[in-house]
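Coordinate inspection notes
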Amino acid sequence: MHTMKCLPALIFASTLLAACQNGAMKNDAAGVFEADEVIVSAEIGGRILHMNLQEGDRLAKDSSYVSIDATNLKLQKEQVIASIDALGKKTVDADPQVQLLRNQIIVQESQLSSQLREQARLQNLVRDNAATQKQLDDINSAVDVTRKQIEVTKKQIAVQLDAFGTQNRGVMSEKGPLEKRVAQIQDQMDRGQVVNPIAGTVLQRYAMMGEVAAPGKALYKIADLSTLILRAYITGEQLPNVKLGEKITVLTDDGKKGWNNHAGTVTWISDKAEFTPKTIQTQEERANLVYAVKVAVPNDGNLKIGMYGEVKFN
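So, a few notes on the structure that sits alongside this text. No experiment lies behind these values; they were computed from the predicted model shown.

One pass over the structure, following the stated rule, counts seven salt bridges. In this structure, aspartate 138 and lysine 134 form a salt bridge, with 3.0 Å as the shortest nitrogen-oxygen distance. Linking aspartate 138 with lysine 134, this pair stays in helix 4 (residues 133–172), spanning four residues, or about one helical turn. On the accessibility criterion, aspartate 138 (42% relative accessible area) is partly exposed. Salt bridges linked by common partners bring Glu43, Asp187 and Arg191 together as one network.

Position of arginine 231 relative to the elements: it lies in strand 11 (residues 227–235). Assessed through its relative accessible area of 12%, arginine 231 is described here as buried. Polar side-chain contacts of arginine 231 include one of 3.5 Å to the side chain of glutamate 34.

Spanning 33 residues, helix 3 (residues 95–127) covers 47 Å between terminal C-alpha atoms, matching the ideal 48 Å at 1.5 Å per step. When helix 3 is considered as a whole, its buried residues turn out to be Val98, Leu101, Ile105, Gln108, Leu112, Gln115, Gln119, Leu122 and Val126. Those residues of helix 3 hidden inside the fold are in contact with helix 4. Among the residues trailing helix 3, asparagine 129 stands out with phi positive, at a value near 60 degrees.

Below, the discussion takes up the side chain of asparagine 196. Counting through the fold element by element, asparagine 196 comes out in the loop between strand 7 (193–195) and strand 8 (200–205). Within the structure, the side chain of asparagine 196 is placed 2.5 Å from the backbone oxygen of isoleucine 198, a separation counted as a polar contact. Not counting residues within four places of it along the chain, the set of residues in contact with asparagine 196 comprises Val40, Leu59, Ala60, Lys61, Asp62, Ser63, Tyr65, Tyr220 and Ile222.

What follows deals with the packing of helix 2 (residues 71–90) against helix 5 (residues 175–190). Interhelical geometry of helix 2 versus helix 5 gives an angle of 165 degrees and a closest axis separation of 9 Å. By the angle between their directions, the pair helix 2 and helix 5 is classed as roughly antiparallel. Note on packing geometry: the crossing formed by helix 2 with helix 5 is left-handed. Facing helix 2, whose interface residues are Leu73, Lys74, Gln76, Lys77, Val80, Ile81, Ser83, Ile84 and Leu87, helix 5 presents Lys175, Leu178, Glu179, Arg181, Val182, Ile185, Gln186, Gln188 and Met189. Split into classes, the residues belonging to the contact of helix 2 with helix 5 amount to nine nonpolar, four polar and five charged.

On to the nonpolar core, then. Counting residues in hydrophobic clusters, the biggest one holds 25 residues, and the most contacted among them are Ile48, Met51, Leu53, Leu59, Val66, Leu219 and Tyr220. When contributions to this core are tallied by element, the ones reaching two or more residues are strand 3 (36–41), strand 4 (46–51), strand 6 (64–68), helix 2, helix 5 and strand 10 (218–223). Residues contacting valine 66, with those up to four places away along its chain left out, are Ile48, His50, Met51, Leu53, Gly192, Gln193, Val194, Leu219 and Tyr220.

For aspartate 62, which is not glycine, the phi dihedral falls at a positive 65 degrees. For aspartate 62, the location among the structural elements is in the loop between strand 5 (58–59) and strand 6. The backbone of asparagine 129 shows a phi angle near 60 degrees, a positive value even though the residue is not glycine. Along the chain, the position of asparagine 129 falls in the loop between helix 3 and helix 4. In this structure asparagine 129 comes out as exposed when scored by relative accessible area, which is 71%.

Quick notes on the rules
All chains use their own residue numbering, which begins from 1 and follows the written sequence. Local features are withheld for residues below a pLDDT of 70 in this predicted model, meaning they are given only at 70 or higher, and side-chain atom pairs are given and counted only at 80 or more; totals for whole chains, interfaces and linings count all residues. Hydrogens and water molecules were not included; the side-chain quantities draw on all heavy atoms of the structure. Within this document, salt bridges are pairs made up of a side-chain nitrogen of Lys or Arg and a carboxyl oxygen of Asp or Glu, the two lying within 4 Å of each other. The numbering of helices and of strands both runs from the N terminus, where a helix is a DSSP run of H or I of at least 4 residues and a strand a run of E of at least 2. Relative accessibility decides the category of a residue: with a 1.4 Å probe and only protein chains considered, values under 20% of the type maximum give buried, values over 50% give exposed, and everything between is partly exposed. For this analysis, a polar contact is any N or O atom pair within 3.5 Å, provided that within protein one partner can donate a hydrogen and the other can accept it, and provided that sequence-adjacent residues contribute only side-chain to side-chain pairs. By this rule the span expected of a helix is its residue count minus one, scaled by 1.5 Å. Residues count as neighbours in contact if any of their non-hydrogen atoms are within 4.5 Å of one another. Orientation is described by lines fitted to C-alpha atoms, with helices fitted over the stretch in contact, and by angles between N-to-C directions that extend from 0 to 180 degrees. Oblique is the label for any angle not covered by the other classes, which are roughly parallel (under 35 degrees), roughly antiparallel (over 145) and roughly perpendicular (65 to 115). Rotating anticlockwise by less than a right angle from the far helix to the near helix defines a left-handed crossing, while the corresponding clockwise rotation defines a right-handed one. Ten residues, namely Ala, Val, Leu, Ile, Met, Phe, Trp, Tyr, Cys and Pro, are considered nonpolar, four, namely Asp, Glu, Lys and Arg, are considered charged, and the remaining ones, Gly among them, are considered polar. Think of a nonpolar core as a cluster: buried Ala, Val, Leu, Ile, Met, Phe, Trp, Tyr and Cys residues, connected wherever their side-chain atoms sit within 4.5 Å.

Have a look at this one:
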């Protein structure tokens, strides 16, 4: 979307000065009405599916009257979602291998229990001289070996869990960026519904339904006509008497050799002087300086962009 304003017609400054010289204009300044205009553009490329507006239509703010085909973006989104789903198939399930090791520990612990019972029996027999010391030493050695085997198996389980966890974390680390990509594509898809930025009237339509729009292509121009701005020019002598926020009277031609009166408010005064247009031929007239002012005027329906108006300071 781009904002623009009607270019001031400097010819009105020359008209003002000429009218003052001729005595034809009785009021203090003159100018032309303008409005803040917004050009609404496409933000994504695609075919225009719907364009529910005509020149002169009143549009509501934050509503959508134009939709652009986002099928290609939808397919891209589905592809990324499929990639996210595939990540689960790339992960490794450690449970089968770990369960084998746990079963091995169960067997080793059972073996250890048997060896401990045999160790206790031999200790009693050795005290009674019914068994040799070598038999006791052998069972003690066997108990130590089984205990070490159990510790080794437990460490193998920890190593397996850590290895598989590291591998799976590496795979799943891709999920975050892919989800961000899905959100990014969804944002682009949402932009296929062109949101009207302001409440106002359609001034010009630049595209038609069925056309292919490129990003940045102007679709329509809209302006809020409830209040128009009269850009007028005052002389340096008038400048000290004009204040921001001042209530003034704006007059427009009623078409019957009379004037329609409108209440206006000074909203801006230029801080830089401008020379009068070069259409004024004499050097003396060209040396005159004027200052642009903007007057906000509520529109009763009679005011139009480009209409001529005069200002009367109260």
